[in-house]
Amino acid sequence: SIGINAEYGQGAIDSVAGLKEFLSLPVCSKDEKKAALGGAFGEAGVDPLISNMIETMIDNKRSNHISGVVGAFNTIMAAQRGEVPCTVTSAQPLSDEHLESLKGALGKFLKSNEKLLLDTATDESLIGGMVVEIGDKRVDMSTATKIKKLKSALSLPL
């Protein structure tokens, strides 16, 4: 499918060190950029339709937008498949037990035809708690934010 091939295309661009930067260089010719992408896409097995679109972007001097266009296309395709991206950032890595509990709680917010794509990250600056980003919503339950709000409230004049 085209959507899966676009993901491979993005993966191919991301996997080759310096390729994103190379594509945005104005001193490189269109043919050099096409040749570099052709090699990366050939190894990844990217659909010719995706390759043609990207070559057209290079021809029209839009190569600095390739990553953004492919990323936006992948987002649209994920939405079409009912995939809901969710990122949970916590101060400490979550245990398997906490992850399962979190998946269950977040799953209650999804429609029956939607699938949760959970990604986790750690950020020690949160001190405790977590930040949950699901779809276009963001809930910050971190200790650092609570301290910041409390500090702000205490600094207000009476």
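**Student:** Describe the sheet that holds strand S4 (residues 137–140), and please don't skip the residues or the numbers.
**Tutor:** What links the strands of a sheet is backbone hydrogen bonding, and the strands pair in either a parallel or an antiparallel sense. Sheet architecture is open: four strands sit in the order S2-S1-S3-S4, paired in mixed fashion. In this open sheet, the two edge strands, each paired with only one partner strand, are strand S2 (115–122) and S4. The sheet shows a mean angle of 15° between the axes of neighbouring strands, taken without regard to direction. Sheet topology note: the strand S1 (residues 83–90)/S2 ladder contains eight bridges and is parallel.

**Student:** Go over the pattern of salt bridges, please, and point to the residues and values.
**Tutor:** Evaluation of the coordinates by the stated rule reveals six salt bridges. Here Arg81 makes a salt bridge to Glu83, at a shortest N to O gap of 3.2 Å. With a closest N to O distance of 3.5 Å, Lys137 and Asp136 form a salt bridge. The exposure class assigned to Lys137 is exposed, which follows from its relative accessible area of 53%. The class for Asp136 is exposed, based on a relative accessible area of 71%. Salt bridges sharing common partners tie together Glu133, Arg138 and Asp140.

Definitions and limits used
- Residues numbered from 1 in each chain as written.
- Predicted model: local features only at pLDDT ≥ 70, side-chain atom pairs only at ≥ 80, totals over all residues.
- Heavy atoms only, no water.
- Pairing = 2+ DSSP bridges.
- Helix = DSSP H or I, 4+ residues; strand = E, 2+ residues; numbered from the N terminus.
- Axes fitted to C-alpha atoms, helices over the stretch in contact; angles between N-to-C directions.
- Salt bridge = Lys/Arg side-chain N within 4 Å of Asp/Glu carboxyl O.
- Buried < 20%, exposed > 50% of the residue type's maximum accessible area, 1.4 Å probe, protein only.

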